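Now for the letters of each chain:
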Amino acid sequence: MSRQFVYQDDDTIETPFNWKQIGRLFAFVRPYRKEVISVTFVMTVFGMLSRLAIPFLTYKAIDQAIQPENGEGSTSLLVILVVAMLAMYGMRWWAQRYTIQKTNEIGQKVIFDLRAALFKHIQSLSFRFFDKRPAGSVLVRVTNDVNSLQDVFTNGVINTVIDIIQLIGITIILLFLEPKLGLAVMITVPIMFLVSSKLRRTIRHAWQVVRIKQSRINAHLNESIQGIRVTQAFAQERENIGYFDGMNSSNIRSWNRASAFNQLFGPVIEVTSAIGTLVLLLYGTYLIKSDAMTVGVLVAFITYVGSFWEPITRLGMMYSQLLISMSSAERIFEFMDEKPAVPEKEDATRLTELEGRVRLDNVTFGYETDRPALKGINLDVKPGMSVALVGHTGSGKSTIVNLLCRFYDTVEGRVLLDGIDVRDVTIESLRSQIGIVLQDTFIFSGTIRDNIRYGRPGATDAEVEAAARSVRAHDFIANLPDGYDTEVQERGNALSVGQRQLLSFARALLANPRILVLDEATASIDTETELRIQEALGTLLEERTSFIVAHRLSTIRHADMIVVLDHGVIVDQGNHDELMKRPGHYRSLVEAQYRYLSA
Ligand SMILES: Nc1ncnc2c1ncn2[C@@H]1O[C@H](COP(=O)(O)OP(=O)(O)OP(=O)(O)O)[C@@H](O)[C@H]1O
């Protein structure tokens, strides 16, 4: 079988159903407890009283106003009772309307908070987390999984409280009205709970499978859209559609299976309630025949029993909804429990304005434990120096940059800025002093101006323009339909790769960092533009320490220090002239480039 599109995620299937998770979920309701209490109060007092009072008024009307045991019926009593009943119906309608409106409001607020908390947490997670997760699977937790909790919060919380109160109220009334009959009806309830709890494990497992399938669909969808150009270029649409269809059908199958299990809840409750009603009718008739009970009490009883099964049915539905939602809740909390791989110390200090000295002290690092990407790196860079990192593909150049920005932590050794370990300072203060330009520039949807301003949101329009001018981006921006106000879409697809890189230069420049990192930043710019940028960057680089990762000789030859890497080890270092004097990696690299150019 093809190993393409294998998504690593989500295998928490066997974790036990965890009431602590439910507790965590309901912690999100805590800020709104006052509103919950007020809605519960309204529904209990007005809604429930009216609900409980109506059968009682019916019983009074039959036994005292229509067919009393002693004497004539009373029309005026009947009118009073009917008016009272109407008033009760009105009250019930108002209480229900109020409850629905309020529960929806509270539910929406809780969902908002949950989604915001999840998003905030995801923002704090490190590169290592995203290395392991397909973007689509991260996406689906913030969208689908949070949505699937909506029902629990909107209808669930308050209705559960109300239903439990209603159930207790009705149970008391039934036992009070006719204890033996009440007990006979309730005998069926334990049977129902027994059957439901047997179903629970199967249902929960089935819904977890559904969530995983949905997550994979999203991961694949995201990958397909991002990679659509490659798919079309290699004419792989048919294979892609076939693969997606397979995933889609598998998702539907698992959904049908889970849903079929879920639907077993309804019949279980119905059969139990039918048995209860049967017991009620048989035993009730017997009691009336033996003059132990009146017809009015039996009619009231039948109505109350209806109100007894109603909350049980709803609680059963809520329970099955909770089982569906729990698989989402688990997935959400799995992310929430994920700790950033580069944690900030509690006593981390703010990194003050740097001079720009950078030292790597015996640094060893690997993305995976058994495969080191850097081994025993020692590097001392003085403030204002420009350092070019060169070496074959995969030799560890970008990894040095990743450690400098603390996207990852070293396995051994330290990264020091002005003598301070990067692990001792706040991440925000560290990264705000490092400007980074990558080859794959990310352009956000918004205007060109917004994109340049991304590194320093407070910058004025004039500053934005000045930054664009100094990296020679102004001319192409001025030629766009709306100049700096031209809207670009996500990833900046309407711009050429070189133009995107120029924007990213302007963005880094505007942020005015003490340390500048250019990771293959000039690879997609034509030589002429690059030369002009070199001029512009000349003054810029003079004042700050810079690291330049590049394959093009023209970019690196003027660097103060060239560091040559091979398989994660520094094999040579010095300036261009020094390195050219001795045989070695650098000289062969340069000679290879010249040979290539002259050929
Ligand atoms: N996120 C990652 N997860 C696992 N391994 C990684 C990751 N990024 C890089 N590597 C591995 O680490 C090693 C060093 O990679 P690095 O990106 O530093 O190389 P590089 O010198 O910058 O290469 P290039 O010139 O191609 O950009 C490579 O073997 C690479 O496969």
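Residues numbered from 1 in each chain as written. Predicted model: local features only at pLDDT ≥ 70, side-chain atom pairs only at ≥ 80, totals over all residues.

A. Up close: the overall build of the protein chain. Within the protein chain one finds 22 helices and twelve strands. Scaling as 2.2 N^0.38, a compact globule of 599 residues should have a C-alpha radius of gyration of about 25 Å, whereas the protein chain reaches 35 Å, well beyond that. The proportion of buried residues among the 599 residues of the protein chain is 33%. If you take every contact in the protein chain between residues at least 6 apart in sequence, the share linking residues at least 24 apart comes to 80%. (Helix = DSSP H or I, 4+ residues; strand = E, 2+ residues; numbered from the N terminus. Rg over C-alpha atoms; globule rule 2.2 N^0.38 Å. Buried ≥ 20, exposed ≤ 12 C-beta atoms within 10 Å, placed from the backbone. Contact = placed C-beta atoms within 7 Å.)

B. Layout of the packing of helix 7 (residues 179-186) against helix 11 (residues 265-289). Packing of helix 7 against helix 11 brings their axes to within 8 Å, and their N-to-C directions diverge by 155°. Comparing their axes, helix 11 and helix 7 come out roughly antiparallel. Handedness of the crossing formed by helix 7 with helix 11: right-handed. Every residue of helix 11 that contacts helix 7 at L181, A184 and V185 is listed here: G276, V279, L280, Y283, G284 and L287. Partitioning the contact of helix 7 with helix 11 into residue classes produces seven nonpolar, two polar and no charged. (Axes fitted to C-alpha atoms, helices over the stretch in contact; angles between N-to-C directions. Parallel < 35°, antiparallel > 145°, perpendicular 65-115°, else oblique. Left-handed = near helix turned anticlockwise from the far one by under 90°. Nonpolar A, V, L, I, M, F, W, Y, C, P; charged D, E, K, R; others polar.)

C. A look at the packing of helix 1 (residues 19-27) against helix 12 (residues 295-336). Relative to each other, helix 1 and helix 12 sit at 75°, their axes nearing to 10 Å. The angle between helix 1 and helix 12 places the two elements in the roughly perpendicular class. Listed contacts from helix 12 to Q21, R24 and L25 of helix 1 are M326, A329, E330 and F333. Split into classes, the residues belonging to the contact of helix 1 with helix 12 amount to four nonpolar, one polar and two charged.

D. Region of interest: helix 11. Over its 25 residues, helix 11 runs 36 Å from end to end, which matches the ideal 36 Å to within 8%, given 1.5 Å per residue. Among the residues making up helix 11, those that are buried are F265, I269, T272, S273, G276, L280 and G284. Looking at the buried residues of helix 11, the elements they touch are helix 7, helix 8 (189-226), helix 10 (237-262) and helix 12. A positive backbone phi angle near 55° is found at D291, which sits one or two residues after helix 11. (Expected span 1.5 Å × (residues − 1).)

E. Main features of the sheet that holds strand 12 (residues 569-574). The strand order across the open sheet formed by six strands is 6-9-10-3-11-12, and the pairing between neighbours is mixed. Pairing within the sheet leaves two strands with one partner each, and these edge strands are strand 6 (434-438) and strand 12. Neighbour-to-neighbour, the strand axes of this sheet turn through a mean angle of 15°, independent of strand direction. Across five bridges, the pairing between strand 11 (residues 561-566) and strand 12 is antiparallel. In the sheet register, V563 faces strand 12, and the bridge partner there is Q573. Strand contacts of helix 13 (residues 397-404): strand 3 (386-391), strand 6, strand 9 (515-519), strand 10 (545-549) and strand 11, with the helix running at about 145° to strand 10, the strand carrying the most contacts. Helix 18 (residues 497-510) rests against strand 6 and strand 9 of the sheet, and its axis sits at about 175° to strand 6. (Pairing = 2+ DSSP bridges.)

F. Representation of unusual backbone geometry. Look at D291: it is not a glycine, yet its phi comes out positive at around 55°. Looking at where D291 falls in the secondary structure, it is placed in the loop between helix 11 and helix 12. Given 7 C-beta atoms within 10 Å, D291 falls into the exposed group. Positive phi is not limited to glycine here, since R472 has a value of about 60°. Counting through the fold element by element, R472 comes out in the loop between helix 16 (461-470) and helix 17 (474-478). Note on R472: 20 C-beta atoms within 10 Å, which makes it buried.

G. The arrangement of the site of the ligand in detail. Taken together, the neighbourhood of the ligand is formed by D131, Y367, E368, A373, G391, T393, G394, S395, G396, K397, S398 and T399. Sorting the residues of the shell around the ligand by element identifies strand 1 (358-368) and helix 13 as the ones contributing at least two each. Partitioned by chemical class, the residues of the shell around the ligand number two nonpolar, seven polar and three charged. (Near = placed C-beta within 6 Å.)

H. Structural context of the confidence of the model for the protein chain. Averaged over all residues, the pLDDT of the protein chain equals 83, while 92% of them reach at least 70. Our summary of model confidence lists the complex with pTM equal to 0.73 and ipTM equal to 0.96. (pLDDT = per-residue confidence, 0-100.)

I. Local environment of the nonpolar core. Judged by nonpolar contacts, the single largest core of 64 residues is most densely connected at A388, L389, L404, A506, V517 and I562. Broken down by element, the residue count for this core peaks at seven residues, all from helix 18. Residues lining this core come from more than one domain, with at least three contributed by each of domain 2 (418-551) and domain 3 (560-599). When residues no more than four places from it in sequence are discounted, the contact partners of L389 are K397, I400, F547, V549, V563 and L565. The next biggest cluster of nonpolar side chains, apart from the first, holds 28 residues, and it includes A95, V146, V152 and I324. (Core = buried A, V, L, I, M, F, W, Y, C linked by C-beta atoms within 7 Å. Domains from an automatic or database assignment.)

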